[in-house]
Amino acid sequence: MQQQVNHATWLAQTEQDTIALAKQLAAWVKPGAILALDGDLGAGKTRFSQAFAEAIGVKGIVNSPTFTIIKEYEGEQLPFYHMDVYRLSLEEADELGLDDYFFGEGITIVEWASLIKELLPADRLELYIEHLGDEKRRIQLTGYGEIYAGWCRAVSEIGAGR
């Protein structure tokens with residue numbers, strides 16, 4: 001059986017538009033959800049993660065886990081795992097036991113996820129954030145698996161005309 005794959009594009013004119021996408025995705029998440037973020041330095045991966053965390057009820061400051069690699073937070077309903085694998089080799093990442101996070105009861109966002117693509121679950125939502133100047137962003141979404149492909153279809157409908 002072939003895995004479902006779907007794509008969507010979200011054009012954010014302002015930071016609030018990026019936050020709106022994070023909030024919408026947060027409304028759909030279930031335990032074990034994986035969001036794989038990529039984009040250039042300064043594109044807004046951490047800002048997206050902060051908005052997402054706030055939307056699932058994480059209290060306090062969510063900042064980049066660049067040097068700690070993984071930060072764990074408590075959301076209102078589910079734990080939130082925020083990862084930044086920029087400084088890791090594939091081999092180093094493989095030794096961290098990421099499956100415990102990926103297949104656990106929490107929600108995981110991985111920044112720079114393309115660096116460990118081989119370790120990511122087959123079913124996931126990939127987001128590529130492209131900086132277009134000022135607050136403008138183009139966010140390309142690719143959903144792998146039935147759930148995430150459905151999210152992309154829904155984002156396409158919501159984002160029509162954006």
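Analysis parameters
Residues numbered from 1 in each chain as written. Predicted model: local features only at pLDDT ≥ 70, side-chain atom pairs only at ≥ 80, totals over all residues. Heavy atoms only, no water. Phe/Tyr/Trp six-rings, centres within 6.5 Å; stacked < 30°, edge-to-face > 60°. Helix = DSSP H or I, 4+ residues; strand = E, 2+ residues; numbered from the N terminus. Buried < 20%, exposed > 50% of the residue type's maximum accessible area, 1.4 Å probe, protein only. Core = buried A, V, L, I, M, F, W, Y, C linked by side-chain atoms within 4.5 Å. Contact = heavy atoms within 4.5 Å. Pairing = 2+ DSSP bridges. Axes fitted to C-alpha atoms, helices over the stretch in contact; angles between N-to-C directions.

Caption draft 1: How the structure looks around the packing of aromatic side chains. Applying the stated criterion across every chain, the model contains six aromatic pairs. Here W28 and W151 contribute two aromatic rings whose centre-to-centre distance is 6.0 Å and whose plane-to-plane angle is 40 degrees, an arrangement assigned as tilted. One end of the pair, W28, is in helix α1 (residues 15–28); the other, W151, is in helix α5 (residues 146–158), with 123 residues separating them in the sequence. Taking relative accessible area as the criterion, W28 reaches 22% and is therefore assigned partly exposed. Accessibility expressed as a relative area gives 8% for W151, which makes it buried. Following the ring pairs from residue to residue traces out a cluster consisting of W28, Y148 and W151.

Caption draft 2: Geometry of the nonpolar core. Ranked by internal contacts, the top residues of the largest apolar core, which has 52 residues, are L25, F48, F52, L127 and L141. Per element, the largest residue contribution to this core is five residues, and it comes from α1. Excluding residues within four positions of it along the chain, F52 makes contact with A22, L25, A26, V29, L35, F80, I107 and I109.

Caption draft 3: Molecular detail of the sheet that holds strand β3 (residues 70–74). Pairing within the open sheet is mixed, and its seven strands lie in the order β1-β7-β6-β2-β5-β4-β3. Of all strands in the sheet, those with a lone pairing partner are β1 (5–12) and β3, marking the two edges. Shown here is a sheet whose adjacent strand axes are inclined to one another by a mean of 15 degrees, direction ignored. As judged from the five bridges shared by strand β4 (residues 79–84) and strand β5 (residues 107–111), these two strands associate in the parallel manner. Directly across from Y81, in β5, lies its bridge partner T108. Set on the sheet, α5 makes contact with β1, β2 (34–39), β6 (124–131) and β7 (137–144); between it and β1 the angle comes to about 35 degrees.

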